[in-house]
Structure formats: structure tokens, C-alpha cells
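Residue-level structural notes
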There are 4 protein chains.
Amino acid sequence: MKLTPEAAGTFAIAPTPFHDDGKIDDVSIDRLTDFYAEVGCEGVTVLGILGEAPKLDAAEAEAVATRFIKRAKSMQTIVGVSAPGFAAMRRLARLSMDAGAAGVMIAPPPSLRTDEQITSYFRQATEAIGDDVPWVLQDYPLTLSVVMTPKVIRQIVMDSASCVMLKHEDWPGLEKITTLRGFQKDGSLRPLSILCGNGGLFLDFEMERGADGAMTGYCFPDMLVDVVKLSKAGQRDLAHNLFDAHLPLIRYEHQQGVGLSVRKYVLKKRGLLSSSAQRKPGASLTDTTREEVDYLLSRLARVDKRADLEPRSKAAE
Amino acid sequence: MKLTPEAAGTFAIAPTPFHDDGKIDDVSIDRLTDFYAEVGCEGVTVLGILGEAPKLDAAEAEAVATRFIKRAKSMQTIVGVSAPGFAAMRRLARLSMDAGAAGVMIAPPPSLRTDEQITSYFRQATEAIGDDVPWVLQDYPLTLSVVMTPKVIRQIVMDSASCVMLKHEDWPGLEKITTLRGFQKDGSLRPLSILCGNGGLFLDFEMERGADGAMTGYCFPDMLVDVVKLSKAGQRDLAHNLFDAHLPLIRYEHQQGVGLSVRKYVLKKRGLLSSSAQRKPGASLTDTTREEVDYLLSRLARVDKRADLEPRSKAAE
Amino acid sequence: MKLTPEAAGTFAIAPTPFHDDGKIDDVSIDRLTDFYAEVGCEGVTVLGILGEAPKLDAAEAEAVATRFIKRAKSMQTIVGVSAPGFAAMRRLARLSMDAGAAGVMIAPPPSLRTDEQITSYFRQATEAIGDDVPWVLQDYPLTLSVVMTPKVIRQIVMDSASCVMLKHEDWPGLEKITTLRGFQKDGSLRPLSILCGNGGLFLDFEMERGADGAMTGYCFPDMLVDVVKLSKAGQRDLAHNLFDAHLPLIRYEHQQGVGLSVRKYVLKKRGLLSSSAQRKPGASLTDTTREEVDYLLSRLARVDKRADLEPRSKAAE
Amino acid sequence: MKLTPEAAGTFAIAPTPFHDDGKIDDVSIDRLTDFYAEVGCEGVTVLGILGEAPKLDAAEAEAVATRFIKRAKSMQTIVGVSAPGFAAMRRLARLSMDAGAAGVMIAPPPSLRTDEQITSYFRQATEAIGDDVPWVLQDYPLTLSVVMTPKVIRQIVMDSASCVMLKHEDWPGLEKITTLRGFQKDGSLRPLSILCGNGGLFLDFEMERGADGAMTGYCFPDMLVDVVKLSKAGQRDLAHNLFDAHLPLIRYEHQQGVGLSVRKYVLKKRGLLSSSAQRKPGASLTDTTREEVDYLLSRLARVDKRADLEPRSKAAE
């Protein structure tokens, strides 16, 4: 079941679970995957930038991808295959597809600057992985420092029939969605799924601008599922009410570096991860940060019961 | 009344008001300044990065600074004097102080990389403006791409007795405040006012970490004043309640480029600016963006009456 | 006598001469200008990036530009007017043209990334200075971090009839000249003067690729004049022989930061500058560096008598 | 025979030889390695930045490293192990040492900015590879955009007893060598081998400043060997005479992107590579570029017979 431009809904970005000693935690992979399916995610994306993918060696990355893919069953799995070179990218892409992935995701290397460099890179990447592999274009200038205009995105999509989805996390990016959807209305851009990342910080309005759903790693993917559904059902106020209740925590999780620590901390509190450990180099949470997150959760729980988590003792952390 | 390390409260970052034809709008300068004073701001900061300062020529910058300073009366005025070279920086700094400014603000030029380059730059800047001019260190890596560790900030402050305030807008930055306050506890850093920028996105927790107040341009400075006061009074829940109600709009205004347009649009709706015009190159608002901001204001108005603004007709914009 | 696309030959990039105390040295401005004329330069470019332009305040910049323009007489003067905003750019451009400048030079601000951002910026810049002012496009990615493809340069030139010259200092850039000249052969680009910068490091081959001359600040502009003439006369071997003799020093002067110190040191040895002082922040030469430059000069003097300079005693520096 | 701080002489940076179809060319690996030994290189460095290392997948990288190591025999082999994460770095480092490498080389990831980030990274890297693996610190800001002051380098070296060599390619960097050697004189820095890269562009003076030798990929490593020896023997003029004869070509090869193409073209002309092919994305040479290189070789051959290469017909390329 390969990824198509009709893909929509919520794709959870999965963290890579580690044990405290840095080994990969297969049990948590399974538990996370099952949870994503239960709460209604249409897919799961693994080995993304925030999935600590660069901290795995090649064999580990292949093992992690395969485990998620096998467990995902009816959900679609997308594997991040960004790499400094095409040989490694191709290898992971082919192997993932053979294992049953729905598609792969590619981010531009930070050195790209001009429109031509960018479009040329993705033509070569498509050739490298093979044009039978559906792929997701990741547009994330804040971290990658590569800026793609809507016209450049259109060019990339029109150059590669196998590019079926945009992971939209430009910031600010609301007008970009509007412009891309306008290209489709005027016939210059073919169908393309647009799922939104950036921690979900603008998901409320991104849906209204024409996005098809969410692809991000916020620690309450179940909320993402709800907001996407409410928004698609035209329940604007209800969508914003739920979103706004989560916004203080979304905002808090959106801090670079700290964000992943917070995410893993909450996922552990939710019983999904056995450990909140990151591989080096990685941030760890201070007591004050933990207290702040707990406070945000307690405030959130007044509106959304899913945030009513048993307070974890500091000793247990 | 020069700026001291005891400065606290809310300093509003003022936009530079223009007429539709790009001329400077003196009447709006006066109106804005009076408003800041009425709602309880302790100060006003002019010619900041988002004040479109680089779009003014030298004579205009001097005129704008002087007008704000003269009107501010009991409020303290801080003038942004960041410049590509020390000659221009010195000229604007001396002229502003002569006109009655409380101090000046200096951001590092984007080319600085190493700790030594950064500390050396600020020693030279202090020498350039004269050590009788109190100054504010602006720490804003997201836009300036200069990263200063807490130790580097300590070094800068200890090198220059006239550095009396930190405009804190690192992101993430909560631990930075904690670390700097820790330096003061261990005696390695002298007293320093810390006011927080970054659009106010983390003001709720920044206050709890030990900040002295806010210095940012959010379109409801009156809310900043309230949150700072509630937080200082130990009213944690009330501070967060008010802050969280504004957070969807704070978040929306925090989009680079778009943010200033939104800010000027709301300030015009509030009757403070005659025009929301920016000088080129500048963003303008689409109809959809305006509708989104109006929707956010209407939601906010349910909690905070100050956001209950007469809807402006599209024709009038 | 305004600048046209037929401009050719050598335009010396003039340093801004300072006295040891940092004041502007008018006598050296005059002496330098006369020297450029005597050795056969067609023009002089002032207030460039390496002319320490950002270290001058607005009034000083205007005074320096005017002094060079008035003294240049039959030579054409180009004034660097790059500025963070259009108001300052316009002011210096109009004032320079009124004083008799042949044209102005504009570099892109470092924040520009996409092709559209770049072309849009230069359309706005043309509008800002007025379309009656001939201007030079500076293409200098190494320092400015803005990368312009040949197609983008073509777009800029075709958008602005008043853009008459390219200061070419991309690196590597030989193919860029070839591509631009190819655009002219196929009729898609109108006539454009191409003068080469980058310290002259590739002048030998740039001329053979179709450049019209040199615009750089190497401390022997008289050599640049000769190489340009020899190359245009088809004297390939003679051009390379002279160029190669200077290459060790060209290479040495091409070190960022150190380069300007070396340049001012040699120009002082040549009797053209009264002082080698730079305004802060600026590099100064160590004894070892001076000895290395003197050694390079002594080796060069065996081939080019112009380098046979009276050794300056260390005490006199 | 592990790498020690006493290492000196010339370490050739080896390109990775490919066949025209992109497969790795083992025969050329052997031929190159033998050549380096014959002309007097003390070592060979493989899988460096310009060795197209990122274009290999993990298995290929291990195979290439092993082949070079086995063939190098009496020469020391250094393997570039820079990687986005420590797991991959460790794996290649351990495997290379087991195969007989003398040491490994580590470059900082481009995201590092502050002094603390840099020193912390290398402490973690040392821990990751194991403190029994001698390693080379690569200081290459032009490409990596990480700027390390002499004090930071000293800190890194003093933190890790297994850091035995600096690959010096800061630019400008002559004063850096002098400063580091000064640290050793004042007792604050322990012994450290300094080999110079940057294409050899400043090798003449770097040796005089106290470098121990060259580590770069210039297409005439035999010249590097000679210049290093002449300089060490105090034959200043002879060293510069030979160096200056090569400088026009060194300079030409020093163009980013184009450089590797030129290098492989000349190495093929010298009979050392079977093909000048690069893996994608890679530059290819135009006819004009080839003609320019041939012209430079013909001029060089008048002084250095090693450059008198049979002209290759265009068809054969």
C-alpha cells in the first residue's frame, strides 16, 4: 500500500526509543506503534530529524525502520532517508520499501542555496532511490536553512512523479499552503498531499488553509487526530478550543533541543516509552523544566482528560 | 534618569509609524507613547530590529528617536543604536543621550562567531559610545545568528560597567535565565536587569525563572504589564490564565516577516497607528490573514475585553 | 559622463585612508586618486566592502565619496551605496551622482536566499535610487553568502535598464563569465560590462573568458592595468608571466581580514598612504607578517621593478 | 604503528577513485597508494571531505578504508570518520584501527557555534571512538563554518590525550600556527603535530611558521614533499621557487567544486587514476577548463619536469 497524493489525516513522527544505556528499545517501538494505531493515526513517520536518526549507524537505522514497518500493519509507514550522499539514501530507501514501507522522506542538505541547486538535487535524489519509490518532500527552513519558494516546490513536484507529499514546516508558512493550493486550482501543479509539521504550532490555521493533515511529533498525537477531524468537519470553534488548550504545551515542546526531551518525558509519563533517554549529544531535563511541564499538563487536564497523568516522582525519572 | 540594573517592568518595543506614502508619522509616535505610559509601561524601546530602524536614513533615525524621547516624559526611553560600524553607533548614541534617552541597545553583528570575537566586539562598542552611556545587550540568536553562552554574557557584563540590562530573546532560553541568576548567587556576576523579548512567547515562565519584566512589541503591551505584575505578585495561575488567553495571538504574531504586519494591523485597529504601512521591503496582509487575526481577536475578547475591537471594514484597510 | 555597458579596463578599488587617530586622511585620498589616473586606471571605486565603508557615519561617507569624485577628474568614479535600507542607499546615491559620480555599486544584503528574493530586492533598489542612476551589481558570495546563478543575474539585468556592469567575484566563477557571455550570444542578455574582483586571484583566466577588465584593490593596480591590456592584445604568455610573478603576493593579500592590512601596508610603502591605520574593528600586522610581505616584494622585484620598495624600518610603521 | 604528536612530513589526501559507472576502482586505489609511497609521502589520508566520503554507503566506506590501509604498508593511514552521529563514527573508527590504520580524523559538524559547544563535541567524540584511538582535529572553517580560536584548539587538545595532530586549514591561518606554537613554548599546550591543508595555498609560509608538514590533496604530492623538505632544510628561496612555480595551478585547483574535477583530471593524466569520474552530485570539466589546466601544466613543465604530461586527446577523456 504505497503512499499516494490522496494521503491525509495524522502521521505521527515517532521518536526513536532508547534504553537508559543507549541501546534501541524494541518493546517501546511496538508499544508506540500500537498506540498510534489505536488513537486513529493514518501513518507513522520514522527516522526523522527529531527521531535522532543521525545518531544510529546504518545497521541500526535499518533495524529500527523494519521494526516500525512490521508492527504498523494497517498504518502506512514513512521512513526518513535523508543522508549526506545518494548511496546511503538509496540503500535505506530500497530496503525500507522491500520491508513494506509506504514511502520515504527526503530533506534537502543544508548547503543548497539557489533554486537550481535545490531542484537539481531532488531530481538526482529521485533518480538515486528509483522512480518507483513514493517520497515526501520535507520543507523545514528553520532547521535546514534551505528556503524553497512555492514555485520551487512546484518545480520539484512536477519534475518527479513519485513525489506525492509535502511535509510543510516552513515558518511562517500559511500563505505557502494557500499559494500551492492556488497552483492546483490554476492547473499548474498536480495533486499533492500536504501534511504539517513544525510541532503543530500552526495546525489550527494550516488545516483551514487547505492542509490534508498533520505530520509531527507532539506528545499528544491523539489531539492532532481530533483537531484534524474537527477542522475537516468544519467545526472551527471546537477545533480551536481543543487546539488552544494544548497550545501552551505545544509551544513549550517547540523549543529546539529541549523539545525532544519534553516529548520523551511526556511519552514516558503516558506509559509509551520505557525511558526518556536520548543518545549523545542530547539535552536532559532539569527539575525546573519537569515541574513546568507537569504544571502545563495539570492545567491542560482541566480541559483534556488525556493529560491527567499520574505525577511521576522525581526519583523515578 | 539613566537606566540602571534595577530597571524592571514592561518596556514596549515601539514600531516606527509611517504614513501610507512612507513618510514618518509623528502624530502616531505621540499617540503610541502616551498609550504606553497610560497602560503602565516603565519604558519604551525605539529603533529596534522590528522597528524598521535600518530602513531610516541617519537623519530620520535621529528625528524618530528624539520625538519618542521628548514625548516619553516620565517613562525611560532606550534607543537601538546597532550599526554596521562604530562611527554611526556612537553618533546616534551620543545624540540620543543628549536628547534625554535612558540608555541604548546594541545587538551583535551577524558575522561574529567565537566567544572572543563576541566579547571583543562589545568591549570596542562600549569604548565607541563612551562608558557613561548605559546600554542593553540584545541576545537574539534566531534572527542575528550569534550564539552567546551564559558565560560569554557574564564576561561582557563584567567587562563593561555600563552594560546594565540584558534583552533576553534566546530560544530556548529558560535555562539561560536560571544560569545567569545562579551566577549572581555565586557572586560571579554583578546585578543585571533581564527583560524578555521574543514576542513574549515564553513570558509566563521567563518571569518565574527570574526575569525582571518584558521588552517586546506584542500588540497588547497592557497584557504584558498585567502578566509581569501578576507573576511578581506570585499569582501564578492568574498570570498563566491571562497569558494563555493571549497565546494564540502571540504565537500568530511571532511569525517572522508577517509578525510586524499583524502587529501594525492590530495597533491600527486599537486606534494607535494611523496607518499599518511598512517601508519597503515589507510584508502586507492578505484578506485571509486579516480574517484570521480578527477571528483570534474575537476569541480573545471573550476573556480580555481589550481585544473587543470594532471590526474594521476591509475597504478601510 | 555616466557609466555605460561599454565600460572596460581597470577600476581600482580604493581603500579609505585614515590617519593614525582614525580621522579621514584627505591628502592621501588625493594622492591615491592621482596615482590611479597616472598608471592608467579607467576608474576608481570607493566605499566598497573593503573600503571600510560601514565604519564611516553618513556624513563621513558623503565627504569621502565627494572628495574622490572631485579629484578623479577624467576617471570615472563608482560609489558603493550598499546599505541596510533603501532610504540611506538612495540618499548616498543621489548625492554622489549630483557630485559627479559615474555610477553606484550595490551588493545584496546577506539575508537574501531564493532567486525571487534576490531579483525582487534589486528591482526595489533600482526604484529606490531612481532609474537614471547607472549601477553595478556586486556578485560576491564568499563574503555576502548570497548565491546568484547566471540566470538570476540575467533576470536582474533585464529587469533594470540602469544596471550596466557586473562586479564579478564569485568563486569559482570562470564558467559564470562564459555562461553570461553565452547568454549575450543567444540574444537573451543585453550588453553588460563585466569587471573582475576577488583580489585579482583569477584575473588571468577571467580576461580570457570574456571579462572587460579588473575592479579590485590589489596593491599594484598598475599590474592590473598591464595584465588587462596584454590579455586584450592577445599576448597570453606575457599576460600570464606578469600575473604569475605577482600571484604569491595576490594570494597573500587575499586573506580575509589580513588582506586589507597588507594592502594598506604596501600602499604606504609605495608612498601613497600616509598611514596604514584601519578603524576598529581592524586587523594589524605582526612583525612576522610584515617580514613575509617584504620577502614577497623582494622576490617580485626581481621581475617587476615597481615592487622594489625601500624597506621600511619597523620603528616607522 | 599508531599516529603520534611527532608525525611530520607529507600526508597525501587521497581522492576516492571511481570507475565511469560510479563503482569503486580498487586498482586505482592501489596505484595511487604505491605512488604516494614512492614519492616519499609519510602517510595517506582517506575518506576526507574531498574524498567524496559522504557519497559512499557504510559498507563501501569500510571497504575503501581497508583497501588503502592494507596497501599503504609502511606509510601511515588516517581515516576520516566524521559522521552526523557518534554510532557511525565509532563503528568506522574501530574497524579502521583493527585493519591497521594509524589514526582517524574528525571534523566538527557545521551546527556548532560557541566555544563550549565545540569543546564539548570533541570530548564526546573522543569518548565515542575510545581513548585508545589517536585522532586528528580538522580545522576547516571555510567549508565547515565552524570557527575555532587557538584557545579552543588548545582546550580540545588538552581535554583529549588521544588528539595528536591538527589538520590546519583555517584561512587566514598563519598567525594561528604562530599562536599555537607560542602556547607550546609557554607550556600551556602539549606536543601536537600540525599538518597543513587548504589545497597547499599557503604551504610556503605555513612551514616557516612552524608547521610539521602538509596534508592536502594537490595533484602533485611530490611537490609537497619537496617543499616540506626544502623548508625544513632552511632552503627558503629554493622552497619558494618550487612552490611559486606550482602556485598558478594550486590556485586553480583551489576552486570549490571545480577543484576536485581538476585534481582527478591531472591524476588521470599522470596515469594514477583510470577515470576522473565523480559520483553525483559532482562537477565535470568543460573543454575550456581542460584547456586552461593543460596550459597551466605546460607552463609549469618549464620549471618542473613532472608536469610535462602527454597531452590527452579530448576524445579519450
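Residues numbered from 1 in each chain as written. Chains lettered and ligands numbered in written order. Predicted model: local features only at pLDDT ≥ 70, side-chain atom pairs only at ≥ 80, totals over all residues. Heavy atoms only, no water.

1. Re the relation of the copies chain D and chain C
- Mapping chain D onto chain C is achieved by rotating through 180° and translating by 0.0 Å along the same axis, at an RMSD of 0.0 Å. When the rotation and shift are considered jointly, the pair of chain copies conforms to a two-fold rotation axis. Among all residues of chain D, the one whose C-alpha sits closest to the rotation axis is D:Leu247, at a distance of 3.7 Å. (Least-squares fit on C-alpha atoms with pLDDT ≥ 70 in both.)

2. A few points about the interface of chain D and chain C
- Listed as interface residues are 34 residues of chain D and, on the opposing side, 34 residues of chain C.
- Viewed at the interface, chain C and chain D are joined by 8 salt bridges.
- With a closest N to O distance of 2.6 Å, D:Glu292 and C:Arg209 form a salt bridge.
- The interface formed by chain D and chain C holds 22 residue pairs in polar contact (both at pLDDT 80 or more) in total.
- When contributions to the side of chain D that touches chain C are tallied by element, the ones reaching two or more residues are helix H7 (174–185), helix H8 (203–209), helix H10 (236–253) and helix H12 (287–301) of chain D.
- The element best represented in the side of chain D that touches chain C is H10(D), accounting for 10 residues.
- Across the side of chain D that touches chain C, the residue classes break down as 14 nonpolar, 9 polar and 11 charged. (Contact = heavy atoms within 4.5 Å. Salt bridge = Lys/Arg side-chain N within 4 Å of Asp/Glu carboxyl O. Polar contact = N/O pair within 3.5 Å; in protein donor to acceptor, adjacent residues only side chain to side chain. Helix = DSSP H or I, 4+ residues; strand = E, 2+ residues; numbered from the N terminus. Nonpolar A, V, L, I, M, F, W, Y, C, P; charged D, E, K, R; others polar.)

3. Details of helix H6 (residues 150–159) of chain A
Residue and element names in this part refer to chain A.
- Those residues of H6 that fall on the buried side of the exposure criterion are Pro150, Val152, Ile153, Ile156 and Val157. Buried residues in H6, looked at end-on, bunch into an arc of 160°, giving them a common side.
- Elements that come into contact with the buried residues of H6 comprise helix H4 (115–129), strand E5 (135–139), strand E6 (163–168) and helix H7 (174–185). (Buried < 20%, exposed > 50% of the residue type's maximum accessible area, 1.4 Å probe, protein only. Arc of directions from axis to C-beta.)

4. Observations concerning the pairing of strand E3 (residues 76–80) of chain B
Residue and element names in this part refer to chain B.
- Counting buried positions over the 5 residues of E3 gives 5, a clear majority of the element.
- Burial along E3 is two-sided: Gln76, Ile78 and Gly80 facing one way and Thr77 and Val79 facing the other are all buried.
- Across 4 bridges, strand E2 (residues 43–46) lies against E3 in parallel orientation. Of the residues in E3, the one forming a bridge with Val46 is Val79.
- After leaving E2, the chain enters helix H2 (residues 58–72) and then returns to the sheet as E3, a path that is right-handed.
- The pairing of E3 with strand E4 (residues 103–106) spans 3 bridges and is parallel. Within E4, the position partnered with Val79 by the bridge is Val104.
- Since E3 and E4 lie parallel, the crossover through helix H3 (residues 86–99) that links them has a hand, and here it is right-handed. (Pairing = 2+ DSSP bridges. Right-handed = clockwise from strand over helix to strand, strands pointing away.)

5. Some details on the sheet that holds strand E2 (residues 43–46) of chain C
All names here are of chain C.
- What the 8 strands build is a closed barrel, ordered E1-E2-E3-E4-E5-E6-E7-E8; its pairing is parallel. For this sheet, the mean angle separating the axes of adjacent strands, direction not counted, is 25°.
- Where strand E1 (residues 9–13) lies against E2, 3 bridges are found, and the strand directions are parallel. Residue pairing across strands places Ile13 opposite Thr45, the latter belonging to E2.
- The sheet contacts of helix H3 (residues 86–99) involve strand E3 (76–80) and strand E4 (103–106), and relative to E4 the element is tilted by about 155°.
- On top of the sheet, helix H6 (residues 150–159) reaches strand E5 (135–139) and strand E6 (163–168); it is set at about 165° to E5, its chief contact. (Axes fitted to C-alpha atoms, helices over the stretch in contact; angles between N-to-C directions.)

6. Notes on the side chain of B:Lys55
- Within the element layout of this structure, B:Lys55 appears in the loop between E2 and H2.
- When sequence neighbours within four positions are dropped, the list of residues in contact with B:Lys55 reads B:Glu60, B:Gln278, B:Arg279, B:Lys280, B:Pro281, B:Gly282, C:Gly85 and C:Ala87.

7. Re the interface of chain A and chain B
- Taken together, the contacts link 34 residues of chain A with 34 residues of chain B.
- Of all residues in chain A, A:Trp171, A:Arg251 and A:Tyr295 bury the most surface against chain B, accounting for 21% of the area lost on that side.
- With a closest N to O distance of 3.0 Å, A:Asp204 and B:Arg251 form a salt bridge.
- On inspection of chain A and its partner chain B, the count reaches 20 residue pairs in polar contact (both at pLDDT 80 or more). (Buried area = accessible area lost by both parts, 1.4 Å probe.)

8. Re the relation of the copies chain A and chain B
- Rotating chain A by 180° and moving it 0.0 Å along the rotation axis overlays it on chain B with an RMSD of 0.0 Å.
- Comparing interface residues between copies, 100% of those in chain A also lie at the interface in chain B; the contact surface is shared.

9. Focus: the sheet that holds E5(A)
All names here are of chain A.
- The strand order E1-E2-E3-E4-E5-E6-E7-E8 describes a closed barrel built from 8 strands, whose pairing is parallel. Across the sheet, the mean angle separating the axes of adjacent strands is 25° when strand polarity is ignored.
- Across 5 bridges, the pairing between E5 and E6 is parallel. Bridging from a neighbouring strand, Val136 pairs with Met165 of E6.
- In this fold helix H2 (residues 58–72) packs onto strand E2 (43–46) and strand E3 (76–80), with an angle of close to 170° to the strand it touches most, E3.

10. Topic: the side chain of D:Ser275
Residue and element names in this part refer to chain D.
- By secondary structure assignment, the location of Ser275 is in the loop between helix H11 (258–269) and H12.
- A polar contact of 2.5 Å, which involves the side chain of Ser275, links it to the side chain of Asp20.
- Of note is the side chain of Ser275, whose polar atom sits 2.9 Å from the backbone nitrogen of Ala277.
- Excluding anything up to four places from it in sequence, Ser275 contacts Phe18, His19, Asp20 and Lys268.

11. Some words on the packing of helix H10 (residues 236–253) of chain A against helix H10 (residues 236–253) of chain B
- Where H10(A) meets H10(B), the closest approach of the two axes is 9 Å, and the angle between their N-to-C directions is 75°. When the axis of H10(A) is compared with that of H10(B), the two are roughly perpendicular. Where H10(A) abuts H10(B), its residues A:Phe243, A:Asp244, A:Leu247, A:Pro248 and A:Arg251 lie against B:Phe243, B:Asp244, B:Leu247, B:Pro248 and B:Arg251.
- The residue inventory of the contact of H10(A) with H10(B), partitioned by class, reads 6 nonpolar, no polar and 4 charged. (Parallel < 35°, antiparallel > 145°, perpendicular 65-115°, else oblique.)

12. Remarks on the pairing of strand E7 (residues 193–196) of chain C
Residues and elements named next belong to chain C.
- Here E7 shows no split at all, with Ser193 and Leu195 on one side and Ile194 and Cys196 on the other all buried.
- One ladder, built from 4 bridges, connects E6 with E7; its direction is parallel. When the bridges of E7 are listed, His168 appears paired with Cys196.
- Assessed by its sense of winding, the connection that carries the chain from E6 through helix H7 (residues 174–185) to E7 is right-handed.
- Looking at chain direction, E7 and strand E8 (residues 213–216) are connected through 2 bridges and run parallel. Bridge pairing links Cys196 to Ala214 in E8.
- Tracing the backbone out of E7, into helix H8 (residues 203–209) and back to the parallel element E8 gives a crossover that is right-handed.

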